[in-house]
Every structure is written in structure tokens, then in C-alpha cells.
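These are the residues of each chain, in order.
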Amino acid sequence: MRVEEKEGADSGAIIAPLAAAVYPPDVIETIVWKNVTFAQPARRIIVYDDDDPVSTAGILFRTVLLNGVPTLIGGVGSVMTRPSAQRTGFGRAAMLATHEIIDREPHCSFGLLFCEPNNFEFYRRLGWSLFDGAILAEQPGWNGEYTVTQPMVRQVTHPAPIEGIIDLQGLPW
Ligand SMILES: CC(C)(COP(=O)(O)OP(=O)(O)OC[C@H]1O[C@@H](n2cnc3c(N)ncnc32)[C@H](O)[C@@H]1OP(=O)(O)O)[C@@H](O)C(=O)NCCC(=O)NCCS
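To start, this report covers the structure provided alongside it. No experiment lies behind these values; they were computed from the predicted model shown.

1. A closer look at the overall build of the protein
Counting secondary structure elements, the protein contains 4 helices and 10 strands. Mapped from its N terminus to its C terminus, the protein presents α and β elements in the order β-α-α-β-β-β-α-β-α-β-β-β-β-β. Against the globule reference of 16 Å for 173 residues, the protein gives a C-alpha radius of gyration of 15 Å, in line with a compact fold. For the protein, the spread of C-alpha atoms along the three principal axes comes to 45 × 35 × 30 Å. Counting over 173 residues, the protein shows a buried share of 45%. Considering only residue pairs separated by 6 or more positions, the protein has 75% of its internal contacts joining residues 24 or more positions apart. Of the roughly 8900 Å² of accessible surface on the protein, a fraction of 51% belongs to carbon and sulfur atoms.

2. A closer look at the site of the ligand
Close to the ligand lie 20 residues; V79, T81, R87, G91 and R92 are nearest. A distance of 2.8 Å separates an oxygen atom of the ligand from a polar backbone atom of G89. N119 is positioned with one of its side-chain polar atoms (N or O) 2.9 Å from an oxygen atom of the ligand. Against a free-state accessible area of 910 Å², the protein chains account for coverage of 76% of the ligand.

3. Points about the packing of aromatic side chains
Given two aromatic rings, one states the distance between the centres and the angle between the planes to describe the pair. One pass over the full model with this rule turns up 5 aromatic pairs. A ring pair is formed by Y23 and W33, whose centres lie 5.1 Å apart and whose planes are at 80°; its orientation type is edge-to-face. Taken together, the residues Y23 in the loop between α1 (12-22) and α2 (25-28) and W33 in the loop between α2 and β2 (43-49) connect sequence positions 10 residues apart. Among the aromatic residues, ring-to-ring pairing joins Y23, W33 and F38 into one connected group. When the ring centre of Y48 is taken as origin, the NZ or CZ atom of R2, which lies over that ring, is 4.2 Å away.

4. Points about the state of the cysteines
Scanning all chains against the criterion turns up 0 disulfides. As a non-bridged cysteine, C108 has C115 as the owner of its nearest cysteine sulfur, 18 Å distant.

5. Topic: helix α3 (residues 90-104)
Across its 15 residues, α3 extends 22 Å between first and last C-alpha, which sits within 8% of the 21 Å expected from 1.5 Å per residue. Along α3, the residues that are buried comprise F90, G91, A93, A94, M95, A97, T98, H99, I101 and I102.

What counts and how
- Residues numbered from 1 in each chain as written.
- Predicted model: local features only at pLDDT ≥ 70, side-chain atom pairs only at ≥ 80, totals over all residues.
- Heavy atoms only, no water.
- Helix = DSSP H or I, 4+ residues; strand = E, 2+ residues; numbered from the N terminus.
- Rg over C-alpha atoms; globule rule 2.2 N^0.38 Å.
- Buried < 20%, exposed > 50% of the residue type's maximum accessible area, 1.4 Å probe, protein only.
- Contact = heavy atoms within 4.5 Å.
- Areas by Shrake-Rupley, 256 points an atom, 1.4 Å probe, with all protein chains shown as cover.
- Near = heavy atom within 4 Å.
- Polar contact = N/O pair within 3.5 Å; in protein donor to acceptor, adjacent residues only side chain to side chain.
- Phe/Tyr/Trp six-rings, centres within 6.5 Å; stacked < 30°, edge-to-face > 60°.
- Lys NZ or Arg CZ within 6 Å of the ring centre and 35° of its normal.
- Disulfide = S-S within 2.5 Å.
- Expected span 1.5 Å × (residues − 1).

Everything listed is a geometric property; what it means functionally is a separate question.
See below:
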């Protein structure tokens, strides 16, 4: 296993075959977030098995409003492992690498990701917990409470909030 950190914009092509394997058209049709417009990751972790990219996770930083207070947070999204390689530790390796990047960012208060209930346990085991408050986000032509997927948080320099209002001040991820 080899773990690499890359620029988000430059590395989309590397993970395109992986994304196509995880989300073929018939799977995409069933996914609750299929019509959501997401922010693009600034950095990307790519985990290789030999030279084959088998898992990935994206990272971005955003100053959100936590109960009205500007707060720098680290966002994690686009987490996926090739189906044939799932449950063998690659996703965990990708997530641990995102933790390192977020933890080294000065003044980053906490981490935030969004997921579906079938993945809660995967993230719980990595130290993430459910955020029980409200998320406000933007979509093209729309601004409001974002409830498509569930938010999970992880402490960095501050204890992660359990409730309250997080205004993403932009697109979700
Ligand atoms: C979620 C996902 C990224 C996990 O990747 P993975 O490479 O299979 O994860 P790992 O093998 O590193 O799993 C780490 C641990 O979590 C467990 N785990 C993984 N997925 C789990 C799940 N859905 N529920 C419960 N436990 C899970 C593993 O068994 C492993 O346990 P262990 O530490 O006791 O060995 C992968 O299943 C995936 O790509 N799913 C489809 C896309 C998706 O849903 N992405 C997440 C969007 S938020």
C-alpha cells in the first residue's frame, strides 16, 4: 500500500476509473445525493495497491459560521474504495491521511464530513461522531438547510460541536 497526497484539481483524472467502478450509472441512480452540487476538494489522498489507485478521499478547508462565529474547519468528502478492494483497510488508510492533513492546518477547529447511515460505523471507528444540529448550505439558485446526508464531526483544536448551526457559507462536500 502506498499513500499519496495530491492537489485536488490535478488529480481528478487519476481517480476517475476508481469513481466509475464505485458509482456506475445504475448505482448513481439510487444515490440520495445524485443531484447535489458539491465543492471540489483542494487536496486529495490517493491510496495505491501496487500502482493501482484503490481508495481516495478529498480535503478542503472552509471558514464556516458556527452559531454565527467564523470558524475554520476541515472538510472530508469523495471518500471511496474500489469495490473489489473494500474491507481490506484502504479506506481507513485514506481517512487517516486526511486526519494528518487537517490536524497540521493551523487554527483548524474541527473536521466535518457528510455520509449516509450505512457508513456511520466506518467513520465512528475513526473518531467521528454525529452532529445533531443544522447545516446550512448553498446550491445553485438555492440557500437553506442541507439534509441530504448526515453530518459527522471530529475534534481538531477544539471539541467538535454536537449541536447548533453550521452555515457552510458555500457548497457542501
Ligand atoms: C465506505 C468505504 C469508503 C470504506 O472503505 P473500505 O476500504 O472498505 O474501508 P476499510 O476496509 O478501511 O474499513 C475500516 C474498518 O471499517 C469497517 N467498515 C468499513 N465499511 C464499513 C461499513 N459500511 N459499516 C461498518 N464497518 C465498516 C471495516 O470492516 C474495517 O474494520 P476493522 O478496522 O475492524 O478492520 C467503502 O465501503 C466505499 O467506497 N463505499 C462506497 C462509497 C461510499 O459510500 N463512500 C463514502 C461516502 S461518505
